[in-house]
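Architecture at a glance
Below are the chains, spelled out letter by letter.
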Amino acid sequence: MKVLVVCTGNICRSPSGEAVLRKKAAERGLHNTFNCTSAGTHAYHVGSPPDDRSIRVGVQRGYDLSEIRAQKISLNNFFDCDIFLAMDTEHLRILQRLKPVDSKSKILLFLEYSLRFRQQDVPDPYYGSMEGFNTVLEMIEEGADTFLNTMYPPTTLSVTES
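Computed from a predicted structure; not experimentally measured. (Residues numbered from 1 in each chain as written. Predicted model: local features only at pLDDT ≥ 70, side-chain atom pairs only at ≥ 80, totals over all residues. Heavy atoms only, no water.)

Now for the packing of aromatic side chains. One pass over the full model with this rule turns up four aromatic pairs. Pairing phenylalanine 34 with tyrosine 152 gives two aromatic rings, centres 6.2 Å apart and planes at 75°, and the pair type is edge-to-face. Note that phenylalanine 34 is positioned in the loop between α1 (13–27) and β2 (35–40) and tyrosine 152 in the segment after α5 (130–151), a separation of 118 residues in sequence. With a centroid separation of 6.4 Å and an interplanar angle of 35°, the aromatic rings of tyrosine 113 and phenylalanine 147 are classed as tilted. Linking tyrosine 113 in the loop between β4 (106–109) and α5 with phenylalanine 147 in helix α5, this pair joins segments that are 34 residues apart in sequence. Relative accessible area serves as the criterion here: at 1%, phenylalanine 147 is assigned to the buried category. The ring of tyrosine 63 has lysine 23 lying over it, and the distance from NZ or CZ to the ring centre is 5.2 Å. The lysine or arginine in question, arginine 53, covers the ring of tyrosine 126, its NZ or CZ lying 5.5 Å from the ring centre. (Phe/Tyr/Trp six-rings, centres within 6.5 Å; stacked < 30°, edge-to-face > 60°. Helix = DSSP H or I, 4+ residues; strand = E, 2+ residues; numbered from the N terminus. Buried < 20%, exposed > 50% of the residue type's maximum accessible area, 1.4 Å probe, protein only. Lys NZ or Arg CZ within 6 Å of the ring centre and 35° of its normal.)

This is the structure in structure tokens:
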């Protein structure tokens, strides 16, 4: 499965979403079946690393955003990716408008399957305080868990006694 996480400029929310999904997928042993990247709906920051505040909050929680560079979505993404995870309803609308009719990709809100924040927008922390970046990462962590649980349901092992 190839997933593309999308926000506006690809320097705060979507790179955080990418890093969180990659780490959580790796922890579940999904190295060979899950691939994630991120992009922005606008080319404001193409080639730039994530916002320093996103990097700091990510490091505090064990996520590495250092290799991620901002990029803008392209039409090719609609044929290369299986699922787009939009950080808010505006991104969702933009992606739905851009999606070619012959693309089989699915477009969902990042928090589509969230239990705590179901179908809410992940707010843009760019103009806010560090607390906003912490809140966004908390939402992303929960959304990543519920997304992965939905796409790759955990197996339950039954233990029988002899």
